[in-house]
Amino acid sequence: MSSLPHPDAEHTASPLVSDGSDYDDQPLYKTRDKVYPKRVSGRFRNLKWFALIALLSIYWLVPWIRWDRGPNAPDQAVLIDMDLGRAYFFFIEIWPQEVYYITGILIMAAIGLFLATSLFGRIWCGYGCPQTVWTDLFMLVERYIQGDRNARVRLDQSKWTFEKFWKIGATHLAWIAIAMATGGAFVLYFNDAPTVIVDVFTGNATLAVYVTIAFLTFSTYLLAGWAREQVCTYMCPWPRFQSAMLDDESLIVTYEGWRGEARGPLKRKNLTRGEVPETGHCIDCRACVNVCPTGIDIRDGLQMECIGCGLCIDACNDIMDKVGFPRDLVRFDSVQNTQLRAQGKATRVRIIRPRTIFYAAILTVVASVMMFGLLNRSVLELNVLRDRNPLFVTLSDGDVRNGYTVKLLNKEQSLKTYELTVSGLTISDFQIIGQTPNQKGTFDLEVAPDRVGSFRVFIAADPSALDGDATPFEFTVTDTETGNTETYDTVFAGPKTDR
């Protein structure tokens, strides 16, 4: 087998030839080095606490917000009703055939993420990603029960005692409780919140509800409690192409190497406040590494594992304050500004640049199209399905009859009456199963609020009035109260002629 030699092996033969035995003792996968993030305080940590509280509050409280949509309509502000096939977002109601609105929202979210990344790096990963938020919450519980970094390291390395057993057991029980609350909150978005909560605790909920809660409980416990930084490093695709969104003017977590190097510990005599050390300002205390939730060293530059949370900035500033050196050795800034600062030149932050203009323009266009569609969406929709088997029936008097299924979508929260008419075709008979024609010979069809009315329609015509085997015509439905109309083009099938 031809391969590169093991770096620690001694070779007497050609260095490019090996039988592969040098690799027999190498594991296929690298064992995880557990990360023990240390507690830190500062502006970025406070910002993360604010984001955590705000986002978790939104997630857990939104299903309980009520919104009056009138009688016989759900009063939950945000609800995805799988039974009715509706998605309710406060005053917006999305029907299944309007799924393109969901597509538009996803496109806006993606472009918004691109724009945010080009401006502020992985700010979403550091503050808004569910994996980050729940991991932060799990680590808060872990720190509260087991202690800070050093205490957790000692606890993991110690033998099993009663203290270790109850601390680790209490931690995992708390994690499971949070994970269950996470799964329980998720099902509230698909069911009436007060009703499903009672059903869950009384054993009357559906199997789908219990399975969903169980799955999300397990996945949250696994990802936030055990996998943690491995999700960001190995499972999430975003770190792999985030660099395509960045440029030298993107604001990211940076290390001022020109000021910090050469790094090295300071002797006590060099700790006099304001004194310039012989080495760089970095005293190699590894505080930035110890607080990092992914366990990287930001001094090595921007890395795929960095989630841009800025906790290393808080840790470094705390050390700089203690030793009397200027703050922001690690800072939230652009690569370009770091280079300019090293040269003693003025720095700048340029938000408006070609990349951000491009993303902002796409976001504006998509948002404008979405808004225009929502403001001009029809509250009435007409769909017609023509019978295919048979295409037509020849009656005893020689007329030809076609059958249609007419569906009227009433998107309003009130009972509506619609008049159905036919135009573009000379007909000899017009019937709707279960309906009586009005004085004008048309039909008034009632459709319940926020429902679909389905009607079986039969139309007959003299073959001499037909234009070949497919005569085009249209159905027209009119709201008798508002005059709002919708039309649907279809064809009337008949026997083939020589014309």
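Structure: see above.
These figures come from a predicted structure and were not determined experimentally.

Draft legend 1. Examining the overall build of the protein more closely. When its secondary structure is counted, the protein shows 15 helices and 14 strands. Nonlocal contacts in the protein, meaning residues at least 24 apart in sequence, comprise 68% of its contacts between residues at least 6 apart. Once the 50 positive and 56 negative side-chain charges of the protein are each reduced to a mean point, those two points are 12 Å apart.

Draft legend 2. Just the packing of helix H1 (residues 43–61) against helix H13 (residues 311–323), in detail. Relative to each other, H1 and H13 sit at 145°, their axes nearing to 7 Å. On H13, the residues touching Arg43, Phe44, Arg45 and Lys48 of H1 are Leu311, Ile313 and Asp314. A per-class count over the contact of H1 with H13 returns three nonpolar, no polar and four charged.

Draft legend 3. The arrangement of the sheet that holds strand E14 (residues 485–493) in detail. Here we have four strands laid out as an open sheet, ordered E11-E9-E13-E14, and antiparallel in their pairing. Of all strands in the sheet, those bounded by a partner on one side alone are strand E11 (443–447) and E14. Averaged over all neighbouring strand pairs, the angle between strand axes comes to 30°, with direction disregarded. One ladder, built from nine bridges, connects strand E13 (residues 470–479) with E14; its direction is antiparallel. When the sheet's bridge partners are listed, Pro472 is paired in E14 with Val491.

Draft legend 4. Examining the environment of Ala174 more closely. You can see Ala174 is positioned in helix H6 (residues 162–188). For Ala174, a relative accessible area of 22% corresponds to the partly exposed category. Along the sequence, Ala174 and Lys411 sit 237 residues apart, while their C-alpha atoms lie 45 Å from each other.

Draft legend 5. Fine view of the sheet that holds strand E2 (residues 86–89). If you trace the three strands from one edge of the open sheet to the other, you get E1-E2-E3, paired in antiparallel fashion. Edge strands, defined here as strands with exactly one partner in the open sheet, are strand E1 (78–81) and strand E3 (92–94). Each neighbouring strand pair of the sheet contributes to a mean axis angle of 10°, computed without reference to strand direction.

Draft legend 6. Fine view of the nonpolar core. Ranked by internal contacts, the top residues of the largest apolar core, which has 37 residues, are Ile298, Cys312, Met320 and Val330. Taken together, the elements giving at least two residues each to this core come down to H1, helix H2 (100–120), helix H3 (123–128), strand E4 (252–255), helix H12 (287–291) and H13. No other element matches the eight residues that H13 contributes to this core. Other than its neighbours up to four places away in sequence, Cys312 contacts Val253, Cys288, Val291, Ile298 and Val330. If you look at the next biggest cluster of nonpolar residues, it comprises 24 residues, including Leu382, Tyr404, Leu425 and Val477.

Draft legend 7. Up close: the environment of Leu408. With respect to the element layout, Leu408 can be found in strand E8 (residues 400–410). Between the alpha carbons of Leu408 and Phe120 there is a distance of 48 Å; along the sequence they are 288 residues apart. Once residues lying within four places of it in the same chain are set aside, the contact partners of Leu408 are Glu381, Leu382, Tyr418, Leu445, Val447, Arg451, Val452, Gly453, Phe455 and Val477.

Draft legend 8. Region of interest: the pattern of salt bridges. Following the criterion strictly, the structure yields 33 salt bridges and no others. For Asp192, the salt bridge is made with Arg66, and the minimal N-O distance between the two is 3.3 Å. Separated by 126 residues along the polypeptide, Asp192 in the loop between H6 and helix H7 (193–202) and Arg66 in the loop between H1 and E1 bring together distant segments of the chain. When the shortest N-O distance is used, the salt bridge between Arg228 and Glu142 registers 3.1 Å.

Draft legend 9. Structural context of the environment of Ile197. Note on placement: Ile197 falls in helix H7. Here Ile197 falls in the partly exposed class, since its relative accessible area comes to 28%. For the pair formed by Ile197 and Ala185, sequence separation is twelve residues and the distance between their alpha carbons is 9.3 Å. Aside from chain neighbours lying at most four places away, what touches Ile197 is Trp64 and Leu188.

Draft legend 10. Inspection of a nonpolar patch on the surface at higher detail. A cluster of nonpolar side chains, Phe120, Ile123, Trp124, Val349, Ile351, Ile352 and Ile357, forms an exposed patch at the surface whose accessible area comes to about 630 Å². With respect to the helices and strands, the residue Phe120 is situated in helix H2. We classify Phe120 as partly exposed; its relative accessible area is 31%.

Draft legend 11. Structural view of the packing of aromatic side chains. A full pass over the atoms with the stated rule returns 18 aromatic pairs. Relative to Phe241, the ring of Trp238 has its centre 4.9 Å away and its plane inclined at 90°; by these criteria the two rings are edge-to-face. Of this pair, Trp238 and Phe241 are both found in helix H10 (residues 238–241), three residues apart, which corresponds to roughly one turn of the helix. According to the relative accessible area criterion, Trp238 is buried, its value standing at 7%. For the ring pair Tyr404 and Phe475, a centre distance of 5.3 Å and an interplane angle of 75° mean the geometry is edge-to-face. In this pair, Tyr404 is assigned in strand E8 and Phe475 in strand E13, connecting sequence segments 71 residues apart. Just as Tyr404 is buried, Phe475 falls in that class too. Among the aromatic side chains, those forming a connected cluster through ring pairs are Phe114, Trp238, Phe241, Phe358 and Tyr359. Sitting above the plane of the Trp49 ring, Arg45 keeps its charged end 3.7 Å from the centroid.

Analysis parameters
- Residues numbered from 1 in each chain as written.
- Predicted model: local features only at pLDDT ≥ 70, side-chain atom pairs only at ≥ 80, totals over all residues.
- Heavy atoms only, no water.
- Helix = DSSP H or I, 4+ residues; strand = E, 2+ residues; numbered from the N terminus.
- Contact = heavy atoms within 4.5 Å.
- Lys, Arg positive; Asp, Glu negative; His and termini not counted.
- Charge placed at Lys NZ, Arg CZ, Asp CG, Glu CD.
- Axes fitted to C-alpha atoms, helices over the stretch in contact; angles between N-to-C directions.
- Nonpolar A, V, L, I, M, F, W, Y, C, P; charged D, E, K, R; others polar.
- Pairing = 2+ DSSP bridges.
- Buried < 20%, exposed > 50% of the residue type's maximum accessible area, 1.4 Å probe, protein only.
- Core = buried A, V, L, I, M, F, W, Y, C linked by side-chain atoms within 4.5 Å.
- Salt bridge = Lys/Arg side-chain N within 4 Å of Asp/Glu carboxyl O.
- Patch = residues over 30% accessible without salt bridge, like charges linked within 9 Å, V, L, I, M, F, W, Y side chains within 5 Å.
- Areas by Shrake-Rupley, 256 points an atom, 1.4 Å probe, with all protein chains shown as cover.
- Phe/Tyr/Trp six-rings, centres within 6.5 Å; stacked < 30°, edge-to-face > 60°.
- Lys NZ or Arg CZ within 6 Å of the ring centre and 35° of its normal.

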